[in-house]
Amino acid sequence: MQQNEKTGIRHLSKFSQFFLLDDRAQLLASCDSIVATQHLPQRPVTDWFPFLESIFQQVKSLQVDTAEIHFQKITIPHHQLPGIYDFSFRRIQLREGAFLLWRIFDYTALYEDLQHYQQRRNELEIHREMLELRQRQMRSRRDLNDGFNLVLENFNHLQIAYFNHLRRALQSPVNMLDGFRPEVTLQAANATQYYIQHLSQLLQHLQSAMAEWQSYAPATALVEASHFSPAALVQQLGINFREQLGQPLAIQFASVLPERLQGDQGGLWQILAMLLYSAAAYHPDSSFELEIRAQVAGEVAHLTVIVRESLGREQSKARSDQDDLQLVTRLSLARQMVEWQGGQIRVSNDAKQLAIAIELNLNYRFA
Amino acid sequence: MISKKIILTGSFGVGKTSLFNQFIYNRFDDKYLTTIGVKVNKKVIEIDGKELSLLIWDIAGEVSQDKVPNSYFLGASGIVFVFDLTRPSTYKNIANEIKYLQEIGDPNSIIKVVANKSDLVDEEKINEVAAEIQRPWDVITSAKTGENVQELFRELGRELIDAAE
Ligand SMILES: Nc1nc2c(ncn2[C@@H]2O[C@H](COP(=O)(O)OP(=O)(O)OP(=O)(O)O)[C@@H](O)[C@H]2O)c(=O)[nH]1
Ligand SMILES: [Mg+2]
């Protein structure tokens, strides 16, 4: 979290930027964390930014006390903003007058993952519709089989491409995703019926995974710095974990931990909770451990948190697509959230390729 | 110069992005790549010697329009509802969808209903859809061949200018 000297406006560095505009859309100040504004033409922002041009009348009518307007998932083709962003607009009162504050939040990584879900959901839904249409028209057994094989081929192809994408995106060891079953094999008898059923189920799962995914995005835009004790945070997490899952969580503290840090405490809590709760779903007999240590360099504390799970994903247990998707959703979200905070996340296995360790590295300032 | 915001909406996969690309860049791609959120771009056209800047919002398709974030409709002068002639699911609820758009959109906004993918259907199929659809379409297009694509946006642009005067 940084504070702009001129305006006092706070922003998350690197993944967000603010622009201060007057009512003629002239740019008065910015923090240049994503777009370097000094290279922009000295014309109203609406001239080089079609998005703003299209809603500037509405933005201008905002009053200091009216609620912020929020737009999610915006892409501008061929533009100096190359990713996928959320925008918010509000009018703020500064000493010199009331201005328009436009903030952008970079959610590219998260939304690209979301796009994969959406792509798959839509393609499957279209396949299903086509299949249902054809089924009505199809007369002979042979027609039916041909139609079915065509769809099945597409389906397997889709699944494989999708999981390969996830493997790359998460850079995770293969065994973490081994529960995924990319190949679907079906009996020819009644296959179409079965297939449509399977599709419907999968679509429902995708739908709920997407809903979960989206529920995280707006909240993270609201991060505000606060003071917190890392030891107390981890201890409280351990208590919640035990109460909610009835499983113990061993916590290892380094002998010296900073008393108070400054930063996004809620974000850290969310990340750790997400990792712990997904680890808990791997295997019914696992045990869990959380290790926390810190290294101090000047004003900054490098915090390392490791979540360990002892047995890995259970291979024998039949897992539903729902579990798999949820796991991947959570990991991918955790990755994005850690990135937002300028940190890193790494997943590794032990020698036997079973137990899983997830290591987080995050930097905080001392309070 | 007058500028107007137009929003492209309808179910997924019906060809909104393809119409957007055909209109703005004169190109078409057979491959389906779903739109996430909203893509915004503009094209300046000339109508009766007047320049008009069309700011087009190509949004992610939803089966039902009430799933589209309300903020996307803010300030839209034109709403283009696209459906796919080959997929009944994309037009079977059209009366309700249009009613919803009328409620959510600006009271003065102009709504156009577009039947897309005309290159994939024959005369007989078109008549069949026309007979069963609850609300007639305003224009029939093919983003692939370009049929009626420029005409759609020009006609809408003309009506928007007339309404503004
Ligand atoms: N033959 C034919 N194919 C079309 C036409 N318009 C779109 N398509 C194809 O239909 C598929 C979907 O097109 P898109 O333009 O991506 O659909 P969309 O409405 O933007 O979909 P979402 O972004 O998911 O809401 C693509 O494979 C296009 O190539 C058309 O007029 N004729
Ligand atoms: Mg699209």
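The rules behind these values
Residues numbered from 1 in each chain as written. Chains lettered and ligands numbered in written order. Predicted model: local features only at pLDDT ≥ 70, side-chain atom pairs only at ≥ 80, totals over all residues. Heavy atoms only, no water. Helix = DSSP H or I, 4+ residues; strand = E, 2+ residues; numbered from the N terminus. Rg over C-alpha atoms; globule rule 2.2 N^0.38 Å. Buried < 20%, exposed > 50% of the residue type's maximum accessible area, 1.4 Å probe, protein only. Contact = heavy atoms within 4.5 Å. Areas by Shrake-Rupley, 256 points an atom, 1.4 Å probe, with all protein chains shown as cover. Donors = N, O, S within 2.8 Å, 3.2 Å for Na, K, Ca; no water. Buried area = accessible area lost by both parts, 1.4 Å probe. Salt bridge = Lys/Arg side-chain N within 4 Å of Asp/Glu carboxyl O. Polar contact = N/O pair within 3.5 Å; in protein donor to acceptor, adjacent residues only side chain to side chain. pLDDT = per-residue confidence, 0-100. Core = buried A, V, L, I, M, F, W, Y, C linked by side-chain atoms within 4.5 Å. Near = heavy atom within 4 Å. Nonpolar A, V, L, I, M, F, W, Y, C, P; charged D, E, K, R; others polar.

Secondary structure assignment for chain B yields four helices and six strands. Put simply, chain B runs from its N terminus to its C terminus through helices and strands in the order β-α-β-β-β-α-β-α-β-α. For 165 residues, the compact-globule formula gives about 15 Å, and the C-alpha radius of gyration of chain B, at 15 Å, lands near that figure. Reported as C-alpha extents along the three principal axes, the dimensions of chain B are approximately 45 × 30 × 30 Å.

This part covers the overall build of chain A. On a plain count of helices and strands, chain A comes out with eight helices and 14 strands. Out of the 367 residues belonging to chain A, those deemed buried represent 53%. Counting contacts in chain A only where the partners sit at least 6 residues apart, residues at least 24 apart contribute 66% of the total. Here chain A displays about 17600 Å² of accessible surface, and carbon together with sulfur accounts for 48% of that area.

Residue and element names in this part refer to chain B. Protein-derived coordination of the magnesium ion (ligand 2) comes from Thr17 (OG1) and Thr35 (OG1), at a distance range of 2.0 Å. With Thr17 in helix 1 (residues 16–25) and Thr35 in the loop between helix 1 and strand 2 (38–47), the pair connects residues that are 18 residues apart, well separated along the chain. In this structure Thr17 comes out as buried when scored by relative accessible area, which is 17%.

Moving on: the interface of chain A and chain B. In this assembly, 29 residues from chain A lie in contact with 28 residues from chain B. Roughly 2500 Å² of surface becomes buried between chain A and chain B when both sides are summed, with 61% attributable to carbon and sulfur atoms. Here chain A and chain B share two salt bridges between them. Close ionic contact of Glu129(A) with Arg87(B) constitutes a salt bridge, the shortest N to O distance being 2.8 Å. Between the two partners, chain A and chain B, sit 18 residue pairs in polar contact (both at pLDDT 80 or more). At the level of secondary structure, the elements contributing two or more residues to the side of chain A that touches chain B comprise helix 2 (50–60), strand 5 (69–75) and helix 3 (108–137) of chain A.

The next thing to look at is the confidence of the model for chain A. All names here are of chain A. A residue-level look at chain A finds 62% of positions with pLDDT of 70 or above and a mean pLDDT of 72. The least confident element of chain A is strand 2 (residues 10–11), whose mean pLDDT is 48; the most confident is helix 2, at 93. A low-confidence stretch, residues 216–224 (pLDDT under 50), is modelled with 20 contacts involving residues beyond four sequence positions or located in other chains.

Time to look at the nonpolar core. In this structure, Phe51(A), Phe87(A) and Phe83(B) are the most contacted members of the largest nonpolar core, which totals 50 residues. When residues of this core are assigned to their parent elements, the largest contribution, five residues, is made by helix 2 of chain A. Every residue in contact with Phe87(A), bar those within four places of it in the chain, is listed here: Phe49(A), Phe51(A), Ile69(A), His70(A), Phe71(A), Ile74(A), Leu81(A), Trp102(A), Arg103(A) and Ile104(A).

This brings us to the site of ligand 1. Taken together, the neighbourhood of ligand 1 is formed by 24 residues, with Ser18(B), Asp29(B), Tyr32(B), Thr34(B) and Gly61(B) sitting nearest. More than one chain reaches ligand 1: the nearby residues come from chains A and B. Contacts to ligand 1 include Tyr32(B), whose side-chain N or O atom sits 2.6 Å from an oxygen atom. A distance of 2.7 Å is found between a nitrogen atom of ligand 1 and a side-chain nitrogen or oxygen belonging to Asp119(B). Notes on ligand 1: free accessible area 650 Å², of which the protein chains cover 94%. For the shell around ligand 1, the element with the highest residue contribution is helix 1 of chain B, accounting for three residues. Among the residues forming the shell around ligand 1, the class breakdown is seven nonpolar, ten polar and seven charged.

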